[in-house]
Amino acid sequence: MMSPDPVVKQYNKLAERYDSRWSFYLQASLGETQKRLDVQTGESLLDVGCGSGLLLESLSQTSPGADLYGVEPSLAMLAAARRKLGDKAILKQGQAEKLPFPDQSFDIVVSTSALHLFQYPLAALVEMKRVLRPGGRVVITDWCGDYLTCRLYDRWLRLVDSAHHKTLGRGAIHRLLHEAGFTGIRVDRYRINWFWGLMTATAVLSREEQNEAGPDYTRKRGIRAM
């Protein structure tokens, strides 16, 4: 029997108290993410690792003309998101490294505070690229390992928390986005308090790169998908 996914196990337990426990962090990090989103009427947006649905709930109010989707591996977190959102978004269970959507489905892919949990972040970025339409854009917010506090926290979590994978820095996420095939990459670093140093990366998908995408893309590039 396979061992349960440590991320799913952890967030199934956290789901009921997740919003209240991390209230300040969630509001600050999601606010910074939304500053860098420009969601237009008629566009479709996918939130990868949507958690309890806080970002999608906010977008349903600020961008009511957009089509909203979320994917999340934890069923308990999905249940919390469905209670918030009702029919305002379509939610599915799934992993970032294998998104349950067809090619070229979305105009925007966003992910907040989840990158450090992805076991294969490059494979996740390639999947985000696969489901984007030509000219689509990606917005990713996560902890930033360029800050000492986050770097020390990362080292501690890698010893004690099996759900935690790795906290990246600005240079690392820039390289991964480039390798995944994105262009126009920008990475902003900032603090939301004395402890939490974050970064938000934005990038676009050129038409030329999208033409390379397909079922064999990860194999051709030597990327481990799972």
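Look up: the structure comes first, before these words.
Criteria and thresholds
Residues numbered from 1 in each chain as written. Predicted model: local features only at pLDDT ≥ 70, side-chain atom pairs only at ≥ 80, totals over all residues. Heavy atoms only, no water. Helix = DSSP H or I, 4+ residues; strand = E, 2+ residues; numbered from the N terminus. Buried < 20%, exposed > 50% of the residue type's maximum accessible area, 1.4 Å probe, protein only. Contact = heavy atoms within 4.5 Å. Areas by Shrake-Rupley, 256 points an atom, 1.4 Å probe, with all protein chains shown as cover. Lys, Arg positive; Asp, Glu negative; His and termini not counted. Charge placed at Lys NZ, Arg CZ, Asp CG, Glu CD. Pairing = 2+ DSSP bridges. Axes fitted to C-alpha atoms, helices over the stretch in contact; angles between N-to-C directions.

Novice: Provide a residue-level description of the overall build of the protein, including the pertinent values.
Specialist: In terms of helices and strands, the protein carries 10 helices and 7 strands. Counting only C-alpha atoms and orienting by the principal axes, one finds that the protein spans roughly 45 × 40 × 35 Å. For the protein, the proportion of its 226 residues judged to be buried stands at 56%. When contacts within the protein are restricted to residue pairs at least 6 apart in sequence, those whose partners lie at least 24 apart make up 69%. Element-wise, carbon and sulfur atoms account for 51% of the exposed surface of the protein, whose accessible area totals about 11,000 Å². Distance between charge centroids for the protein: 5 Å, based on 30 positive and 25 negative side chains.

Novice: How would you explain unusual backbone geometry if you had to name every residue and give the values?
Specialist: A positive phi angle, near 55°, is found at Gln104, a position not held by glycine. Take Gln104: it is sitting in the loop between β3 (90-93) and β4 (106-112). The partly exposed category is assigned to Gln104, whose relative accessible area is 38%. Of note in the backbone geometry, Ser113 takes a positive phi value of approximately 55° without being a glycine. Take Ser113: it is sitting in the loop between β4 and α6 (121-131). In this structure Ser113 comes out as buried when scored by relative accessible area, which is 13%.

Novice: Explain the side chain of Thr33 to me, and be specific about the residues and the numbers.
Specialist: As for its placement among the helices and strands, Thr33 is situated in helix α3 (residues 23-35). Once residues within four sequence positions are removed from consideration, Thr33 is found in contact with Val110, Thr112, Val139 and Thr141.

Novice: Describe the sheet that holds strand β7 (residues 197-204), listing the residues and the values that go with them.
Specialist: What the 7 strands build is an open sheet, ordered β3-β2-β1-β4-β5-β7-β6; its pairing is mixed. Taken across any chain shown, the strands that pair with only one partner, and hence form the sheet edges, are β3 and β6 (183-191). Each neighbouring strand pair of the sheet contributes to a mean axis angle of 15°, computed without reference to strand direction. Pairing geometry for β4 and strand β5 (residues 132-143), over 6 bridges, is parallel. When the sheet's bridge partners are listed, Ser111 is paired in β5 with Ile140.

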